[in-house]
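Residues per chain, in single letters:
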Amino acid sequence: MSLLPYGRPPAHQYRRPRQANFRETRFNSTARHETMSASRLLSPITTADGLQLANRVVMAPMTRARAGKLRIPNKAMETYYEQRAAAGLIVTEAAVVSEQGIGWLDSPGIYNDAQTEGWRHIVEAVHAKGGKIFLQLWHCGRASHRYFFDDERLPVAPSAIGIADDHSHTPRGKAAYETPRALETEEIPVIVEDYRQAALRARAAGFDGVEIHSANGYLLDQFLQAKTNRREDAYGGSIPNRYRLLGEVVEAVKTAFPAERISVRLSPNGVFNDMGTPEYRELFTYVIEQLAGADIGFLHVMDGLGFGFHQLGEPMTLAEIRPLFAGILIGNVGYTQQTAEERISAGQADMIAFGRPYIANPDLVERFANDWPLAPEAEMATWYTPQKSGYTDWPAYAG
């Protein structure tokens, strides 16, 4: 599959005059729509450039490990996303932007033609159901292991600092994380280009936008945080230097999608993958201000503490972040329908992402709209296993 030419398209099909923020729309006055419009969570929202989202429920990105060894999206994945297309926005499971970025068994990629074609079928299935879908772009950095690579090369990171007291599930079984290789300065532009090419592939596959994964201790988060970044070049030291790589990736991705169709995911409170920096509040305030200045359309913040909390101060909240970012702000981790309604009604968030509830409830929006009970949470043993059980066999509510 040929990719789009380099550079920002001169007349992008999605581009419209930018507004100060998003605007709201209303449902027609049928009985069902009246019920849904009474809910802020289930009310529609339209982005600054005209992308219409049917509700404010986001299907959060969740690694499900069903893409196989070649990391090509397949029919089972197509069914999985199609079943959940009623979400206002789906953010896919993370897709690695290069072979170097691999760090998880059977996760999908977006770095070759076969992967791009596999994703195209998924996008078409979601669109056929009226859904909207973004692709999450991922590089695992040090959260990987030499066993993922045929030549057993070390995973890369900003600095040679390994993940402490944890392990990776590798193609050869469980293995302790290793000390990664620190990237040379001249290697960094190659990684930026990998993100750009991945975004171009996402555009070619028909995605409505992309989300840059800069959370949970993966490569871009590793560059942001002093705990994992001890570099002495232009990508280390000061907060602006540590932000530099993320900023360059955002600008590169803008050559494939307009800024309004780009999301960035952050985890300022997170400890996952051995993260947490004492200056986190100063750091992430700066990062959010820079992203706001880059005019990206979405900011996806893992403000909940369900992934763990570094306990280096008070958690950063949506209420604190809201004044810093005028685009669409998404909250995530541990939300219920009620708490999601509260955050949106208070003006602290525009959308709320749901992860685990979407595993066992493909019809989550319909359950919210009709006050139907949720299915029991899926057993963790089925989250990442390469089988249909616990993946596409969850039924819709039957009363």
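Everything below is about the structure shown above.
About the cut-offs
- Residues numbered from 1 in each chain as written.
- Predicted model: local features only at pLDDT ≥ 70, side-chain atom pairs only at ≥ 80, totals over all residues.
- Heavy atoms only, no water.
- Helix = DSSP H or I, 4+ residues; strand = E, 2+ residues; numbered from the N terminus.
- Rg over C-alpha atoms; globule rule 2.2 N^0.38 Å.
- Buried < 20%, exposed > 50% of the residue type's maximum accessible area, 1.4 Å probe, protein only.
- Contact = heavy atoms within 4.5 Å.
- Areas by Shrake-Rupley, 256 points an atom, 1.4 Å probe, with all protein chains shown as cover.
- Lys, Arg positive; Asp, Glu negative; His and termini not counted.
- Charge placed at Lys NZ, Arg CZ, Asp CG, Glu CD.
- Pairing = 2+ DSSP bridges.
- Expected span 1.5 Å × (residues − 1).
- Arc of directions from axis to C-beta.
- Core = buried A, V, L, I, M, F, W, Y, C linked by side-chain atoms within 4.5 Å.
- Right-handed = clockwise from strand over helix to strand, strands pointing away.
- Phe/Tyr/Trp six-rings, centres within 6.5 Å; stacked < 30°, edge-to-face > 60°.
- Polar contact = N/O pair within 3.5 Å; in protein donor to acceptor, adjacent residues only side chain to side chain.
- Axes fitted to C-alpha atoms, helices over the stretch in contact; angles between N-to-C directions.

1. Some words on the overall build of the chain
Across its full length, the chain holds eleven helices and 14 strands. Relative to the globule expectation of 21 Å for 399 residues, the C-alpha radius of gyration of the chain, 20 Å, shows essentially globular dimensions. Seen along its three principal axes, the alpha-carbon backbone of the chain occupies a region of about 60 × 45 × 45 Å. Counting the 399 residues in the chain, one finds 56% classified as buried. By sequence separation, contacts in the chain at least 24 residues apart represent 73% of the contacts at least 6 residues apart. Carbon and sulfur atoms make up 51% of the accessible area of the chain, which totals about 15800 Å². Positive and negative side-chain charges of the chain, numbering 41 and 47 respectively, have mean locations separated by a distance of 3 Å.

2. Thoughts on the pairing of strand β8 (residues 173-176)
Here four bridges tie strand β7 (residues 167-170) to β8, and the two strands are oriented antiparallel to one another. Note that in β8 the partner of H167 across the bridge is A176. Between β7 and β8, which pair antiparallel in sequence order, lie two residues.

3. Section: helix α7 (residues 280-293)
The end-to-end C-alpha distance of α7 is 20 Å, a good match for the 20 Å that 14 residues give at a rise of 1.5 Å each. Taken residue by residue, α7 has Y280, L283, F284, V287, I288 and L291 as its buried positions. Seen from one end, α7 has its buried residues packed into an arc of 125 degrees, which puts them on one side. Exposed side of α7, more than 90 degrees from the buried face: E282 and G293 are the residues found there.

4. A word on the nonpolar core
Counting 84 residues, the largest nonpolar core has W119, L137, L246, L291 and F354 as the members making the most contacts within it. Once residues lying within four places of it in the same chain are set aside, the contact partners of L137 are A95, V97, I110, Y195, A198, A199, V210, E211, I212, H213 and V253. Counting 13 residues, the second largest nonpolar core, distinct from the first, contains L89, F298, M351 and A353.

5. Regarding the pairing of strand β11 (residues 262-266)
With five of five residues buried, β11 is to be regarded as a mostly interior element. Of the two faces of β11, the one carrying I262, V264 and L266 and the one carrying S263 and R265 are both buried. Bridge count for β11 against strand β12 (residues 298-301) is four bridges, and the pairing is parallel. By the bridge assignment, S263 is partnered in β12 with F298. Between the parallel pair β11 and β12, the chain is carried across by α7, and the sense of this crossover is right-handed.

6. Comments concerning the packing of aromatic side chains
One pass over the structure, following the stated rule, counts twelve aromatic pairs. Ring geometry for Y80 versus Y391: centroids 4.3 Å apart, planes at 15 degrees, classification stacked. One end of the pair, Y80, is in helix α2 (residues 75-83); the other, Y391, is in the segment after α11 (364-370), and 311 residues separate them in sequence. Residue Y80 shares its accessibility class with Y391, and that shared class is buried. Pairing W138 with Y218 gives two aromatic rings, centres 5.3 Å apart and planes at 85 degrees, and the pair type is edge-to-face. One end of the pair, W138, is in strand β5 (residues 133-138); the other, Y218, is in the loop between β10 (209-213) and α5 (219-224), with 80 residues separating them in the sequence.

7. A closer look at the side chain of N273
Note on placement: N273 falls in the loop between β11 and α7. By relative accessible area, which is 7% here, N273 ends up buried. Reaching out from N273, the side chain makes a polar contact with the backbone oxygen of N216 at a distance of 2.9 Å. In contact with N273, not counting residues within four places along its chain, are R142, A143, I163, Y177, N216, G217 and Y218.

8. Some thoughts on the side chain of T228
The topology assignment puts T228 in the loop between α5 and α6 (239-253). A distance of 2.7 Å separates the side chain of T228 from the backbone oxygen of Q222, its partner in a polar contact. Setting aside residues up to four positions removed in sequence, T228 forms contacts with R142, P158, S159, I161, D221, Q222 and M275.

9. As for the environment of R201
Among the structural elements, R201 can be located in helix α4 (residues 188-205). Within the local environment of R201, its side chain forms a polar contact with the side chain of D113, the two groups lying 2.9 Å apart.

10. A few points about unusual backbone geometry
For D106, which is not glycine, the phi dihedral falls at a positive 60 degrees. In this model, D165 sits at a positive phi of 55 degrees, which is unusual for a non-glycine residue. Here D165 is to be found in the loop between β6 (156-157) and β7. Take D165: its relative accessible area is 82%, and that puts it in the exposed class.

11. A few points about the sheet that holds strand β14 (residues 351-354)
What the eight strands build is a closed barrel, ordered β3-β4-β5-β10-β11-β12-β13-β14; its pairing is parallel. On average, adjacent strands in this sheet sit at an angle of 25 degrees to one another, irrespective of strand direction.

12. Brief notes about helix α3 (residues 113-128)
Taking 1.5 Å per residue, 16 residues should reach 22 Å; α3 reaches 23 Å between its end C-alpha atoms and fits that length. Of all the positions in α3, only Q115, T116, G118, W119, I122, V123, A125 and V126 are classed as buried. The elements touched by buried residues of α3 are α2, β4 (89-96), β5 and α4. Its side-chain oxygen at 3.2 Å from the backbone nitrogen of A114, N112 defines the N-terminal cap of α3.

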